[in-house]
Amino acid sequence: MPKHYLMCRPEHFTVEYAINPWMDPEAGADRDVAVRQWEGLKAAYEELGHEVSLIDPIEGLPDMVFAANGALVVGGRVYGARFAFPERAAEGPAYLRWFAENGYATKEATLTNEGEGDFLTLDEVILAGTGFRTDVAAHMEAQEFLGLPVISLKLVDPRFYHLDTALFPLDGRNIAYYPGAFSKGSQEVLRRMFPDAVLASAEDAAVLGLNAVSDGRSVVINSEAADLQLELKRRGYEVIPVELSELRKAGGGPKCCTLEIRGE
Ligand code: ARG
């Protein structure tokens, strides 16, 4: 099944503020390298047969490349993002406008949430992160708007400040995750719900290996996540390694750059 993704070319990408432990404004980042690596990610999706739509980048919003944070789209309904930090606040309305202009039913959020950064959608349930960015009350707001049950999970390690840095859906029913990113109670919930999950090591999590995108058959994943790639292959997935080291300097990987547009 081909997917539809929304992406934003990192034309204005910089690391000029620090809102997560990966970001070092002193060290900065190389924008040209970031653009080249991002083009590689976009090409990988297109080679897999997926459709990629683009939103225009806005000057002064260096993190806008991380499209996953722009909204949550399920069944053609768009739940808008409301960012935790003022540096990114203007991205929420920009993404929502794109969806409104493209004919989607949109809802402005009243509560802080960072879109697909903290909401990951499976067939029958949405997994939602809280602890660093998304307000747990926004989980309920999303559930009411989208009509899918939302399971709240608590993140405890600041390196894994969004759910999508610690967990990704392999398909509509199963996931891969790094247990150490979650509270004890949330680890128990994940064990109960996903007894066959792929468990990632601390090493693979530390290169943002869990920030991957699976279409159920092929998994686009940071090239450094070696053991996780082996395990995915062992389970029958095609593995597409991508190099996104420059964007990791802002705390992002393949999934962060990718907002899935789920139609009706
Ligand atoms: N610098 C961005 C931030 O801290 C990175 C966002 C990464 N996106 C994601 N979906 N995890 O907000």
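For the structure itself, look to the data block above.
Calculation criteria
- Residues numbered from 1 in each chain as written.
- Predicted model: local features only at pLDDT ≥ 70, side-chain atom pairs only at ≥ 80, totals over all residues.
- Heavy atoms only, no water.
- Buried < 20%, exposed > 50% of the residue type's maximum accessible area, 1.4 Å probe, protein only.
- Helix = DSSP H or I, 4+ residues; strand = E, 2+ residues; numbered from the N terminus.
- Arc of directions from axis to C-beta.
- Polar contact = N/O pair within 3.5 Å; in protein donor to acceptor, adjacent residues only side chain to side chain.
- Core = buried A, V, L, I, M, F, W, Y, C linked by side-chain atoms within 4.5 Å.
- Contact = heavy atoms within 4.5 Å.
- Pairing = 2+ DSSP bridges.

Draft legend 1. Seen up close, helix H3 (residues 136–146). Those residues of H3 lying buried are Ala 138, His 139, Glu 141, Ala 142, Phe 145 and Leu 146. In an axial view of H3, the angular spread of the buried residues amounts to 165 degrees, which keeps them on one side of the axis. At the N-terminal boundary of H3, the capping side chain belongs to Asp 135, with an oxygen 2.9 Å from the backbone nitrogen of Ala 137. Looking one or two residues past H3, Gly 147 carries a phi angle of roughly 70 degrees, positive in sign.

Draft legend 2. Main features of the nonpolar core. Judged by nonpolar contacts, the single largest core of 34 residues is most densely connected at Leu 167, Phe 168, Ile 175, Phe 182, Leu 228 and Leu 232. Elements with a contribution of two residues or more to this core: strand E9 (167–169), strand E10 (175–177), strand E13 (218–222) and helix H6 (226–234). Per element, the largest residue contribution to this core is three residues, and it comes from E10. With near-sequence residues (within four places) excluded, Leu 167 lies in contact with Leu 120, Leu 127, Leu 153, Ile 175, Ala 176, Tyr 177, Phe 182, Leu 190 and Leu 210. Counting 25 residues, the second-largest nonpolar core is a separate cluster that includes Val 15, Tyr 45, Val 213 and Val 220.

Draft legend 3. Spatial organisation of the environment of Thr 112. Topologically, Thr 112 is positioned in the loop between strand E5 (105–107) and strand E6 (119–121). Residue Thr 112 is classed as partly exposed on the basis of its relative accessible area, which comes to 25%. The spatial distance from the C-alpha of Thr 112 to the C-alpha of Ala 138 is 6.5 Å, given a sequence separation of 26 residues. Not counting residues up to four positions away in its chain, the partners in contact with Thr 112 are Arg 82, Phe 83, Ala 84, Arg 133, Thr 134, Asp 135 and Ala 138.

Draft legend 4. Region of interest: the pairing of strand E3 (residues 71–74). Of the two faces of E3, the one lined by Ala 71 and Val 73 and the one lined by Leu 72 and Val 74 are each fully buried. The pairing of E3 with strand E4 (residues 77–80) spans four bridges and is classified as antiparallel. Bridge pairing in E4 links Ala 71 to Gly 80. Once E3 ends, the chain turns through two residues before running back antiparallel as E4, passing Gly 75 with a positive phi of about 55 degrees.

By themselves these figures say nothing about function.
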